[in-house]
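# Descriptive structure summary
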Amino acid sequence: MTAPTKKYEFLNLGTVDAPYLPQIEDAVVRVLRSGRYIGGPEVEMFENRLAALCGTTHAIGVSNGLDALRLILKAYVALGHMEQGDEIIVGANTFIASVLAIVDAGLTPVLVDPDPLTSNLDTSLIASAITPRTKGIMPVHLYGRVCWDDELRSFAIDHGLKIIEDNAQAIGAVSHLPGLSGSHCTGGLGDAAAFSFYPTKNIGAIGDAGAVTTSDNELADAVRAIANYGSDRRYHNIYCGCNCRMDPVQAAILNVKLDHLDIETARRRSLAKIYAAHITSSKIRLPFDGNKECVWHQYVIHTNDRNSFTAHLDKHGIGWDMHYATPPHLQPCFKGSGAKKIKIPQPLTITELLASQCLSLPISACTTETDAKEISEIINLF
Ligand SMILES: Cc1ncc(COP(=O)(O)O)c(C=O)c1O
């Protein structure tokens, strides 16, 4: 039996991409006719545009967001900035890719609780998580909200730590932290950043794609080489690398999508504003919108009574999702002998509480402003 069609879909990529189809088709045909099926002008154009957006000197197109994170960390290891067993502090409530990348590079993720208000890494907990083996902090701009503050920045500087942004969910978000010099855009805040262009992201490919941004020339060269069999020139392999290059068809499609990033962000912001203004139920905790910088990859509310709430949404045909109901440290891969791969300095009480309460409402091009108002009214009946 197929599930009944929702009146208010959570997400339908066909609907999201429909306005761009003629341009996407042209882009695909352009690559097909060019005969350049690896690298080439579309990838270069996308890299240049992404670097300009983030205010970095380099952007390197890669295969997906997980690989982008892995490549940054592997490059730091290859360059001698980190070594096997070194520790990276990361928010425990992230998508598992952030944690897997650290493990895959032979490093140890140190999981700390988020700030319950923002769901982002609680930077006041960093000091108690640090050890002589700490070599980096991975702020994840979760749900499109910038994870960046003075404490994080000065802590990294004082302890010589690399900041690796997981910017899979926050392309185009801008930090309003006062006194910030250089780039203010996520992807240009730390030492390096990873992007995902998974189809559901704010800018999505028609398949997998990702990117690394950095203004560190040495790191950029290493990431580019490692992503291409470890070679700095043809048939000359200076690292034991992998094949993690961005596909030019995806780059061509992303060049189309990047033109519309501002429109997509504005749409998400106006839907978030409608939810914030219209959802008045005392059983729902709305997401933090303190500094207006969020690009709303997800609109995540929290409720104590999630089972009844999802039943209420189902009854009224409202699509929903959960980001994320099971945090990485509770996944089977980190149970038993897998538990040795991660470090948990303090109980992850907030992470587990948020995981039990979180619920994502529709916030994409599938949702109109009228839909958002109607959804809010239905939520208020709960
Ligand atoms: C926070 C976060 N990090 C990393 C990734 C990994 O990106 P990808 O799915 O492109 O490998 C994702 C995407 O799903 C993500 O949400």
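The numbering scheme is per chain: residues are counted from 1 as the chain's sequence reads. Selection of residues for local features in this predicted model requires a pLDDT of at least 70, selection of side-chain atom pairs for listing and counting requires 80 or more, and totals for whole chains, interfaces and linings are taken over all residues.

The subject of this paragraph is unusual backbone geometry. Excluding glycine, most residues fall at negative phi; most peptide bonds, likewise, are trans. A cis amide bond links His323 with the next residue in sequence, Tyr324, at an omega value of 5°. Checked against the element boundaries, Tyr324 lands in the loop between α11 (306-315) and α12 (349-357). Although it is not a glycine, Ser119 adopts a positive phi angle of roughly 70°. Numbering of helices and strands runs from the N terminus, with a helix taken as a DSSP run of H or I at least four residues long and a strand as a DSSP run of E at least two residues long. Tracing the chain through its elements places Ser119 in the loop between β3 (108-112) and α6 (126-129). We call a residue exposed when 12 or fewer other C-beta atoms sit within 10 Å of its C-beta, buried when the count reaches 20 or more, and partly exposed for counts in between; the C-beta positions come from the backbone. Assessed through the 26 C-beta atoms surrounding it within 10 Å, Ser119 is described here as buried.

Strands were regarded as paired on the criterion that DSSP finds at least two bridges between them. In space, the seven strands of this open sheet follow the order β1-β7-β6-β5-β4-β2-β3, with mixed pairing throughout. Taken across any chain shown, the strands that pair with only one partner, and hence form the sheet edges, are β1 (58-62) and β3. The sheet shows a mean angle of 25° between the axes of neighbouring strands, direction not considered. Note: strand β5 (residues 162-166) against strand β6 (residues 192-196), three bridges, orientation parallel. Across the sheet, Glu165 pairs through a bridge with Ala193, a residue of β6. In the packing of helix α4 (residues 65-78) onto the sheet, contacts are made with β1, β5, β6 and β7 (210-214), and the angle to β6 comes to roughly 160°. Strands β2 (87-91), β3, β4 (134-138) and β5 of the sheet are contacted by helix α5 (residues 96-104), whose axis makes an angle of about 175° with β2. Here an axis means a line fitted to C-alpha atoms, over the contact stretch when the element is a helix, while the angle between two N-to-C directions is reported on a 0 to 180 degree scale. In this description, a residue-residue contact is defined by the distance between C-beta atoms placed from the backbone, which must lie within 7 Å.

Glancing now at the domain arrangement of the chain. Where each domain begins and ends is defined by an automated method or by a domain database. Once the domains are mapped, the chain shows domain 1 (15-114 + 121-258) and domain 2 (260-380). Computed from C-alpha atoms alone, the centre-to-centre distance between domain 1 and domain 2 is 24 Å. Facing the 36 residues of domain 1 at the interface are 31 residues of domain 2. Those elements giving two or more residues to the side of domain 1 that touches domain 2 turn out to be α1 (13-17), α5, β3, α6 and α9 (248-258). Broken down by element, the residue count for the side of domain 1 that touches domain 2 peaks at four residues, all from β3. Its residues placed into classes, the side of domain 1 that touches domain 2 shows 20 nonpolar, eleven polar and five charged. For this scheme, ten residues count as nonpolar: Ala, Val, Leu, Ile, Met, Phe, Trp, Tyr, Cys and Pro. Four count as charged, namely Asp, Glu, Lys and Arg, and the remainder, Gly too, count as polar.

Of all hydrophobic cores here, the largest spans 106 residues; its most connected members are Leu71, Ile72, Leu73, Val212 and Val223. With ten residues, α4 is the single largest residue contributor to this core. Each of domain 1 (15-114 + 121-258) and domain 2 (260-380) gives at least three residues to this core. The nonpolar core is taken to be a set of buried Ala, Val, Leu, Ile, Met, Phe, Trp, Tyr and Cys residues joined by way of C-beta atoms within 7 Å.

Attention now moves to the pairing of β6. Counted residue by residue, β6 has five buried out of five residues, so it is predominantly covered. In β6, alternate side chains face the same way, and those of Ala192, Ala194 and Ser196 on one face and Ala193 and Phe195 on the other are all buried. Where β6 lies against β7, five bridges are found, and the strand directions are antiparallel. If you follow Ala192 over to β7, its bridge partner there is Thr214.

What follows covers helix α13 (residues 369-380). In this scheme, a helix's expected span is set at 1.5 Å multiplied by one less than its residue total. For α13, which comprises twelve residues, the first-to-last C-alpha distance of 17 Å matches the rise-based estimate of 16 Å (1.5 Å per residue) to within 8%. Considered for burial, the residues of α13 that qualify are Ala372, Ile375 and Ile379. Down the axis of α13, the smallest arc covering the buried residues is 65°, so these residues share one side. Elements in contact with the buried residues of α13: α10 (261-278) and β11 (358-361). As used here, the arc belongs to the directions running from the helix axis to the C-beta atoms.

So, about the packing of α4 against α5. The N-to-C vectors of α4 and α5 enclose an angle of 35°; their axes lie 8 Å apart at closest approach. The handedness of the crossing between α4 and α5 is right-handed. Every residue of α5 that contacts α4 at Gly65, Leu66, Leu69, Arg70 and Leu73 is listed here: Ala97, Ser98, Leu100, Ala101, Ile102 and Asp104. Among the residues making up the contact of α4 with α5, the classes are represented as seven nonpolar, two polar and two charged. Left-handed describes a crossing in which the near helix is turned anticlockwise from the far one by less than a right angle; the clockwise case is right-handed.

A few words on the site of the ligand. Nearness here has a simple definition: the residue's C-beta atom, placed using the backbone, must lie within 6 Å of the molecule or strand. Not every one of the 15 residues close to the ligand is listed here, only the nearest: Gly65, Leu66, Ala97, Ala168 and Ser196. Grouping the constituent residues of the shell around the ligand by class yields six nonpolar, seven polar and two charged.

So, about α5. Within α5, the full set of buried residues consists of Ala97, Ser98, Val99, Ala101, Ile102 and Val103. Looking at the buried residues of α5, the elements they touch are α4, β2, β3, β4 and β5. One or two residues past the end of α5 sits Gly106, with phi positive at roughly 85°.

As a further point, take the environment of Leu111. Within the secondary structure, Leu111 sits in strand β3. In sequence terms Leu111 and Asn93 are 18 residues apart; their C-alpha atoms lie 8.5 Å from each other. Once you skip the residues sitting within four places of it in the chain, Leu111 turns out to touch Val90, Ala92, His329, Ile342, Lys343, Ile344 and Leu348.

Below, the discussion takes up the packing of helix α2 (residues 21-34) against α9. It is at 9 Å that the axes of α2 and α9 come closest, and there the two elements cross at 145°. When the axes of α2 and α9 are compared, the crossing they make is right-handed. Contacts from Gln23, Ile24, Ala27, Val28, Arg30 and Val31 in α2 reach Pro248, Val249, Ala252, Ile253, Asn255 and Val256 in α9. Classifying every residue of the contact of α2 with α9 by side-chain character gives nine nonpolar, two polar and one charged.

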